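Working through the structure, step by step
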Amino acid sequence: MSVLNTLAQPFSPAGFPHFHYDQGQLFAEGSKLAEIAQQVGTPCYVYSKAAITQAWQAYQAAIGTRRVLVCYGMKANSNLSILNTFRALGSGFDIVSGGELARVLKVGADPKKIVFSGVGKQTWEIEHAIKVGVKCFNVESASELKRISQVASALKATATISLRVNPDVDAQTHPYISTGLKENKFGIAIEDALQTYQLAATLPGLQVVGVDCHIGSQITETAPYLDALDKLLALIDTLKENGIALKHLDLGGGLGIRYDDETPLAPSLLLSAIFTVIDQRGYSDLELVFEPGRSLVGNAGVLMTTVQYLKHTEARNFAIIDAGMNDLIRPALYQAWHGVLPLDLPKAELATHHYDLVGPVCESADWLAKQRLLDLQEDQVLALDSAGAYGFVMACNYNTRGRPAEVLVDGSTWHIIRTRETFEDMIRGESLP
Ligand code: LLP
């Protein structure tokens, strides 16, 4: 996305209606980002509550009166305030660890709206989830099925389960975020599903309630979903013939958003296509579950960062910024694109330099944007857009760098929802023998 070099009418960068420029200053809703940067410092993640709410409502509008449970894929952004925002909207949660379970319980989530995904659930995590009574486990292997059965039996409880099947469809996305292909570690091969359901029926402490899949992330076409749906419905037919009736069908998350010039997959488009197929195949009674993460929070957040040094070399122009791959790893890991928005639009002529925005971390992979035509100055504050999903949650302390602060904007008010990590925070738990 390019920034218009203009001070004319207020405008929003394309795809980000809740961020806008007014008189050359970037705002999140009614809050001026420069003021937040000044008071909180950088690097700092800023999220718009209205943008999250609007993304949530896009799903609700698409769902209408159908029986659909949206379980926010909280791995995308698990700050307690973000989770609380979703809880208040009525969302369920898709969790992948005991830590995520503890987070959602802390904000008062209803366990009956929690689905537990993930390939490596440990015994203590299974125990905790059974005790609180989650809606279901999305089971990813026969071994996991046996372990859940053992844990439930020992607790004299029943665990409700759904099998995550791997439908072997190509989600046409980055290989690192594709999960529905045979060579991926996720799910139970669809050819083995009937046998695994039959095994589940013989094991104590289990109640089979559903089928699940999640084929990948940042998907911008309906076709891969419909391919997966077709295979899952065929499996449901087979199960029915074998006396196994299911209550719900979970199609995972994965809807793509706009980073650069992608056309995002609108929930209305995808869901109406799915509803049509489900109705045609006679399964209107099946409860549907979705687990969107990125599409609910991705475009709702930016990462603010300050230019430290400009370095013009023969081969490249570098802007060395105070955010690095430890704060936002997506570019280093997936060559991901995040647009660069100056907080204060330059008043001068068009930019003449192509810059690589690089962080302070001692790795050549430490870059956040490459070859961007920008007019930059030292001490200038910038915002990297579409950083609301898989931003802070993937941050780490490499190079003993404290993780950034997080701020939630609500109209013209804003709150620090996580303070910047201090040196003391970072060494907590370390000791000298
Ligand atoms: N359900 C399951 C089982 C998942 O594994 C995921 C994401 C989701 C739901 C949510 O998917 P979403 O709607 O956000 O696409 N770190 C990568 C993305 C990894 C996605 C992992 N699984 C990135 O930054 O692009």
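Residues numbered from 1 in each chain as written. Predicted model: local features only at pLDDT ≥ 70, side-chain atom pairs only at ≥ 80, totals over all residues. Heavy atoms only, no water.

Considerations on the site of the ligand
In the vicinity of the ligand, 17 residues are found, and the nearest of them are Ser-217, Glu-291, Arg-330, Tyr-334 and Tyr-390. With respect to the ligand, the side chain of Ser-217 contributes an N or O atom lying 2.3 Å from an oxygen atom. One of the side-chain nitrogen or oxygen atoms of Glu-291 is found 2.6 Å away from a nitrogen atom of the ligand. Among the detected pockets, the ligand sits in the largest pocket. In terms of residue class, the shell around the ligand is made up of five nonpolar, six polar and six charged. Residue assignment places the shell around the ligand across two domains, with domain 1 (19–48 + 298–427) and domain 2 (117–292) each supplying three or more. (Near = heavy atom within 4 Å. Polar contact = N/O pair within 3.5 Å; in protein donor to acceptor, adjacent residues only side chain to side chain. 1 Å grid on protein atoms, 1.4 Å probe; cavity = no way out; pocket = protein on both sides within 12 Å on 5 of 7 lines; lining within 4 Å. Sits in = over half its atoms within 2 Å of the grid points. Nonpolar A, V, L, I, M, F, W, Y, C, P; charged D, E, K, R; others polar. Domains from an automatic or database assignment.)

A closer look at the pairing of strand S4 (residues 44–48)
Across the five residues that make up S4, a large majority, five, are buried. Here S4 shows two buried faces, one formed by Cys-44, Val-46 and Ser-48 and the other by Tyr-45 and Tyr-47. As paired elements, S4 and strand S20 (residues 405–410) share five bridges and run parallel to each other. Note that in S20 the partner of Tyr-47 across the bridge is Leu-408. (Buried < 20%, exposed > 50% of the residue type's maximum accessible area, 1.4 Å probe, protein only. Helix = DSSP H or I, 4+ residues; strand = E, 2+ residues; numbered from the N terminus. Pairing = 2+ DSSP bridges.)

Observations regarding the domain arrangement of the protein
In terms of domain boundaries, the protein breaks down into domain 1 (19–48 + 298–427) and domain 2 (117–292). With centres defined by C-alpha atoms, the gap from domain 1 to domain 2 works out at 36 Å. Listed as interface residues are 11 residues of domain 1 and, on the opposing side, seven residues of domain 2. Both sides together, the interface formed by domain 1 and domain 2 hides about 780 Å², and carbon and sulfur atoms give 55% of it. When the buried area of domain 1 at its contact with domain 2 is split by residue, Asn-299, Tyr-334 and Trp-337 rank highest and sum to 55% of it. Along the contact surface separating domain 1 from domain 2 lie zero salt bridges. Linking domain 1 with domain 2 are two residue pairs in polar contact (both at pLDDT 80 or more), by the criterion used here. (Contact = heavy atoms within 4.5 Å. Buried area = accessible area lost by both parts, 1.4 Å probe. Salt bridge = Lys/Arg side-chain N within 4 Å of Asp/Glu carboxyl O.)

Points about the nonpolar core
In summary, soluble globular proteins display a tendency toward joint burial of nonpolar side chains. Of all hydrophobic cores here, the largest spans 100 residues; its most connected members are Tyr-72, Phe-137, Ile-161, Tyr-197, Leu-249 and Leu-357. When residues of this core are assigned to their parent elements, the largest contribution, eight residues, is made by helix H8 (residues 223–241). The two domains that each donate at least three residues to this core are domain 1 (19–48 + 298–427) and domain 2 (117–292). Once residues lying within four places of it in the same chain are set aside, the contact partners of Tyr-197 are Leu-163, Val-208, Gly-210, Val-211, Leu-235, Leu-239, Ile-244 and Leu-246. Listed in part, the 22 residues of the second largest apolar core include Phe-16, Phe-19, Val-46 and Val-409. (Core = buried A, V, L, I, M, F, W, Y, C linked by side-chain atoms within 4.5 Å.)

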